[in-house]
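So the chains spell out like this:
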Amino acid sequence: EGGIERHSYDVVVVGAGGAGLRAAIAAHEAGADTAIVCKSLLGKAHTVMAEGGIAAAMGNRWPEDNWEVHFRDTMRGGKMLNNWRMAQLHAQEAPERVMELEDWGALFDRTEDGLISQRDFGGHRYARLAHVGDRTGLEMIRTLQQRAVQVGIDVFMECTVTELLLDQEDGDPRISGVFGYWRETGRFVTIEAPSVILATGGIGKSFKVTSNSWEYTGDGHALALRAGASLINMEFVQFHPTGMVWPPSVKGLLVTESVRGDGGILKNSEGKRFMFDYIPEFFRSETADTEEEADRWYDDKANNRRPPELLPRDEVARAINSEIKAGRGSPHGGIFLDIASRRDADYIRKRLPSMYHQFKELADVDITAEPMEIGPTCHYVMGGIEVDPDTQQSAVTGLYAAGEVSGGMHGSNRLGGNSLSDLLVFGRRAGEAAAAHAAGLEKRPVLTDDDVRSGEWRAVAPFNVEGGDNPYTIQQDLQQTMNDLVGIIRTASELEGALAEIEALKRRAQSMTVGGHRQYNPGWHLALDLHNMLLVSESIAKAALAREESRGGHTRDDFPKPSPEWGTRNLVVRLDEAGTGVTLTEQALPEMPDELKSYFEE
Ligand code: FAD
C-alpha cells in the first residue's frame, strides 16, 4: 500500500532515556532538525528507575577527588578492559555535565555548605555520586525531557523501531532512516534521516530474574548487528548483588547500592558479616579487614579503608551467591541486608525514601526495623555497540550509539553511578557528531519504497504463520535458559547447552504464530522483540564460551582466574553471512598512553 506515514529529519534518536534525550538536545543545539522515537511514553524510559546517583569527580565532599582518581577507579572496576579513551573522557567531562543539569533546573541534594551532595558507592574511592534522595533518575529525566520539549524537539512516543534502513549505493552502506510501528494502532511509519543515534538501553529481559523493565529486549544491539555494526564485551553482564527475592511477583526488583553506601551491611543466616571472607587480592590494599576500620571509614576516609560491602558489584554478587549455595541463605533463598541496626529510622527514611516504601508496600517489611532479604539480579549489560570513543560512531556510516546500548566504556564491570554520567557525556558527544555528519553531507542518502516494503514484510511475517509456537512460551524458555546456563557462574558445558537451546528457540521463533490483528497487540510486539532477544542472547553465550577466564561480570567455574592474555583482548560480535546468527573475532585492546598507565603503578 502507498499509505505509509513518512517523515524526514537530519537526526533521529531512538530512545528517550538519559542518553537519547541528552543526544537529541545536543543535536538540536548544533542546528540539526531532530526527532526522538521511543517505544514507551516519554518519561517512562529505564533511566527514570535509576536510584543512587550520577558519578562525577566534583570534589564537593572530598577535595582530593579529581578526574584522574575517577578514571583509575573506573578502569580498575572494569578490570582494565575498558576502552581507556572513553573512561578518560567520561571522568573528565562528567562534572561539567552534572553542573549543566543543575543549570537546566535539576534540584540535587545539598552538602551543609550548599554544594551538590555526593554519596558513597562501591568501587569509588571518594563519595562521588550526585543524587536526589534515591530518585536521581527521575530528576534527570524530568530535567532533560523538559529541556528537549522546550527547545522544540519532535517526539514520536509509543513507537517501536524495527529496522534501520540503509542506502547501499556506491558500495558504501550508509544509514538512510528507520522503520517502525505505532504500538497503539499497529500502523507503520518511516523516518528518513542521514544520522541515527541508537540509545535503546539494555538487554535484561532475556534473563528470568532482572531489575530491568519490559523495554529491555536488546533492540538497539540487534538493530545495529543487522545493519552491519559490531558489538564488543557482550560476555560481560552485570548481576547486581541486591535484588528483592520475596514475594515472587517482585523477584529481581532492585535494592539500591545506596543502602550499603549509607551504612547497610550483608549478613548470612548465622548472623555473620561475611564479606570480610571474600576480599580478593586485587582489592586487598584498599579494603578494610576489620569491622572497626570498615565502620570508621564512613566518617574518616583519609585514614581508613572502605568496607568490603562496597567492593565492585561483581565481587559482592559472587560472594552472596557462594553464601546461598553453602546453605547460609535467608528463608526465601537470599541473604540479609541490614541497615536497621546501623542507622536511625529518620536517617533511613530521609536518605532512602523509595526503598522504605518499596519494602513496606511490596513485602510488608519495615527496613528501619528489620533486615531486607536480597539476592543477585541481572541488571546491566557492559557489552554493546562498538563505537569510536570521541564521536560514538559505529562501523556503519551515519549510525551512532550512546548509553547502555554502546560498549567499551565499562570494560568487564561497571561501577555504580557510572551509567548516568556515561549517558550525559556520550549522549552529548553522539548528538554533536550526528548533527555534524548530517550537516556535512553533499548528498543525502536515499530511502526507497523497496526498503519500506521489506520492513513492512518482515514486521507482518508472524501473522502469516499458522500452528507455530506462541511467543510467550518461547520467551519464557529463553529467560529460563539464560538464567540457568548463562548466569552469574558459567561453565563450558552449560554454555554449549545454552547455545544449542538458543538454536532450537530460533527455529521455533521462525514459525511462531500471533493471533488477532495489528491494533494494540502485545503478542505481536513480543514476537518482533524476540528476534532481538535471541540474537543478543546468542552473542552473550558465544562470547562467554570463548572467554576462558574469569573477569568482572564474567565468571567461569572452569577458568576461575583472570588470565593475562585475555586481559589484552576484546571479543567482537558481528552478524553472520546467513544473517541469522553471529560470529566472533578477537581484537587487541587499544593501548593506553604511558602518561595514563602511570596512574596504575602503585
Ligand atoms: P534507557 O533509559 O533505558 O532508555 C531506552 C529508551 O529506548 C527508552 O525510551 C525506550 O522506550 C527506547 N527504546 C528501546 N527500544 C526501542 C525501539 N525498538 N524503538 C523505539 N524505542 C526504543 N545507573 C547509574 O549510573 N546510577 C544509578 O543510580 C542507577 N540505578 C539504577 C536502578 C535501576 C532499578 C536500574 C534498572 C538501573 C540503574 N542504573 C543506574 C542503570 C541506568 O539506569 C541505565 O543504565 C540507564 O538509565 C540507561 O539509560 P539509556 O539512556 O541508555 O536507556
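Throughout what follows, the structure given in this document is the object of discussion. All of these numbers come straight from a predicted model, not from anything done at the bench. (Residues numbered from 1 in each chain as written. Predicted model: local features only at pLDDT ≥ 70, side-chain atom pairs only at ≥ 80, totals over all residues. Heavy atoms only, no water.)

### Quick notes on the overall build of the chain
Then, number 1: Scanning the chain from N- to C-terminus turns up 17 helices and 20 strands.
Then, number 2: Taking 602 residues into account, the globule formula puts the C-alpha radius of gyration at 25 Å, and the chain, at 23 Å, falls close to it.
Then, number 3: Every one of the 602 residues in the chain was classed for burial, and the buried ones make up 62%.
Then, number 4: Long-range pairs, those at least 24 residues apart, make up 73% of the contacts in the chain with a sequence separation of at least 6.
Then, number 5: Summed over all atoms, the accessible surface of the chain reaches about 22,100 Å², with 48% contributed by carbon and sulfur.
Then, number 6: For the chain, the centre of its 63 positive side-chain charges and the centre of its 92 negative side-chain charges are spaced 2 Å apart. (Helix = DSSP H or I, 4+ residues; strand = E, 2+ residues; numbered from the N terminus. Rg over C-alpha atoms; globule rule 2.2 N^0.38 Å. Buried < 20%, exposed > 50% of the residue type's maximum accessible area, 1.4 Å probe, protein only. Contact = heavy atoms within 4.5 Å. Areas by Shrake-Rupley, 256 points an atom, 1.4 Å probe, with all protein chains shown as cover. Lys, Arg positive; Asp, Glu negative; His and termini not counted. Charge placed at Lys NZ, Arg CZ, Asp CG, Glu CD.)

### Here's the deal with the site of the ligand
Then, number 1: Taken together, the neighbourhood of the ligand is formed by 40 residues, with Thr47, Gly52, Glu215, Tyr216 and Asp219 sitting nearest.
Then, number 2: Contact between the ligand and Glu215: an oxygen atom at 2.2 Å from a side-chain N or O atom of the residue.
Then, number 3: Contact distances for the ligand include 3.4 Å between a nitrogen atom and a side-chain N or O atom of Arg414.
Then, number 4: Protein contact buries 99% of the 1,000 Å² of open area that the ligand shows by itself.
Then, number 5: If you list the elements that add at least two residues to the shell around the ligand, you get helix 1 (18-29), strand 3 (34-38), strand 8 (159-167), strand 16 (372-381) and helix 12 (418-439).
Then, number 6: Take the shell around the ligand: its biggest share by element is four residues, from helix 12.
Then, number 7: Residues of the shell around the ligand, tallied by class, amount to 16 nonpolar, 18 polar and six charged. (Near = heavy atom within 4 Å. Polar contact = N/O pair within 3.5 Å; in protein donor to acceptor, adjacent residues only side chain to side chain. Nonpolar A, V, L, I, M, F, W, Y, C, P; charged D, E, K, R; others polar.)

### Here's the deal with the sheet that holds strand 8
Then, number 1: Spatially, four strands are ordered 1-10-9-8 in an open sheet, and the strand pairing comes out mixed. In this open sheet, the two edge strands, each paired with only one partner strand, are strand 1 (5-8) and strand 8. Averaged over all adjacent pairs, the angle separating strand axes in this sheet is 25 degrees, with direction ignored.
Then, number 2: Bridge count for strand 8 against strand 9 (residues 174-182) is eight bridges, and the pairing is antiparallel. Each bridged residue has a counterpart across the sheet, and for Cys159 the counterpart in strand 9 is Trp182. (Pairing = 2+ DSSP bridges. Axes fitted to C-alpha atoms, helices over the stretch in contact; angles between N-to-C directions.)

### Thoughts on the pairing of strand 8
Then, number 1: Summarising burial for strand 8: nine of the nine residues are buried, a large majority.
Then, number 2: If you look at the hairpin formed by strand 8 and strand 9, you'll find six residues sitting between the two strands, and Asp170 has a positive phi there, around 65 degrees.

### Considering the packing of aromatic side chains
Then, number 1: Counted according to the given criterion, the structure contains 15 aromatic pairs.
Then, number 2: For the pair Trp67 and Tyr599, a centre-to-centre distance of 6.2 Å together with 85 degrees between the ring planes defines the contact as edge-to-face. Here Tyr599 lies in the segment after helix 17 (594-597) and Trp67 lies in helix 2 (residues 67-77), a separation of 532 residues in the sequence.
Then, number 3: Consider the rings of Phe207 and Phe239, whose centres lie 5.7 Å apart with planes at 85 degrees: the pair is edge-to-face. (Phe/Tyr/Trp six-rings, centres within 6.5 Å; stacked < 30°, edge-to-face > 60°.)

### Observations concerning empty space enclosed by the protein
Then, number 1: For the coordinates displayed, the defined rule picks out two cavities of 30 Å³ or more.
Then, number 2: Estimates place the volume of the largest cavity at around 70 Å³.
Then, number 3: Along its surface, the largest cavity is lined by Val237, Gln238, Phe239, Asp314, Ala317, Arg318, Asn413, Ile488, Gly552, Gly553 and Thr555.
Then, number 4: Looking at the lining of the largest cavity, the elements that each hand over two or more residues are strand 13 (237-244) and helix 9 (313-325).
Then, number 5: Its residues assigned to classes, the lining of the largest cavity comprises four nonpolar, five polar and two charged.
Then, number 6: Looking at the second largest cavity, its volume works out to about 30 Å³.
Then, number 7: Residue lining of the second largest cavity: Asp73, Arg76, Gly77, Gly123, Phe283, Glu286, Arg306 and Pro312, and that is the complete set.
Then, number 8: Per element, the largest residue contribution to the lining of the second largest cavity is three residues, and it comes from helix 2.
Then, number 9: Here the residues of the lining of the second largest cavity sort into two nonpolar, two polar and four charged. (1 Å grid on protein atoms, 1.4 Å probe; cavity = no way out; pocket = protein on both sides within 12 Å on 5 of 7 lines; lining within 4 Å. Points joined across faces, edges and corners; volume = space filled by probe spheres on them.)

### Thoughts on the pattern of salt bridges
Then, number 1: For the structure shown, the criterion picks out 55 salt bridges.
Then, number 2: A salt bridge links Glu163 to Arg458, with the nearest nitrogen and oxygen atoms 2.8 Å apart. Of this pair, Glu163 sits in strand 8 while Arg458 sits in helix 13 (residues 449-460), and the two are 295 residues apart along the sequence.
Then, number 3: Take Glu163: its relative accessible area is 11%, and that puts it in the buried class.
Then, number 4: Judged by its relative accessible area of 42%, Arg458 is partly exposed.
Then, number 5: A salt bridge links Arg305 to Asp289; its shortest N-O distance comes to 3.4 Å. Placement of Arg305 in the loop between helix 8 (291-297) and helix 9 and of Asp289 in the loop between helix 7 (281-284) and helix 8 is noted, with a sequence separation of 16 residues between them.
Then, number 6: When its relative accessible area of 27% is taken as the criterion, Arg305 is described as partly exposed.
Then, number 7: The network of salt bridges with shared partners includes Arg85, Glu93, Asp390, Arg428, Arg429 and Glu432. (Salt bridge = Lys/Arg side-chain N within 4 Å of Asp/Glu carboxyl O.)

### Some remarks on the packing of helix 3 (residues 84-103) against helix 12
Then, number 1: Contact pair helix 3 / helix 12: the axes reach a minimum separation of 8 Å and the direction vectors enclose 90 degrees. With respect to each other, helix 3 and helix 12 are oriented roughly perpendicular. Along its contact with helix 3, which presents Met86, Leu89, His90, Glu93, Ala94, Arg97 and Leu101, the element helix 12 presents Asn418, Ser421, Asp422, Leu424, Val425, Phe426, Arg428 and Arg429. (Parallel < 35°, antiparallel > 145°, perpendicular 65-115°, else oblique.)

### Observations concerning the pairing of strand 16
Then, number 1: Buried residues dominate strand 16, accounting for nine of its 10 residues.
Then, number 2: Strand direction decides the pairing type here: strand 13 and strand 16, joined by six bridges, are antiparallel. Counterpart to Phe239 in the pairing with strand 16 is Cys378.
Then, number 3: Where strand 15 (residues 335-338) lies against strand 16, three bridges are found, and the strand directions are antiparallel. Within strand 16, the residue paired with Leu337 across the bridge is Met372.

### Notes on the state of the cysteines
Then, number 1: Applying the stated criterion to the full structure yields zero disulfides.
Then, number 2: Of the cysteine sulfurs around Cys159, a residue in no disulfide, the closest is that of Cys38, at 8.4 Å.
Then, number 3: Assessed through its relative accessible area of 3%, Cys159 is described here as buried. (Disulfide = S-S within 2.5 Å.)

### Brief notes about the environment of Ser258
Then, number 1: Along the polypeptide, Ser258 turns up in helix 6 (residues 258-261).
Then, number 2: The exposure class assigned to Ser258 is buried, which follows from its relative accessible area of 0%.
Then, number 3: Sequence separation between Ser258 and Asp422 is 164 residues; the distance between their C-alpha atoms is 19 Å.
Then, number 4: Once residues within four sequence positions are removed from consideration, Ser258 is found in contact with Gly52, Arg119, Phe121 and Leu352.

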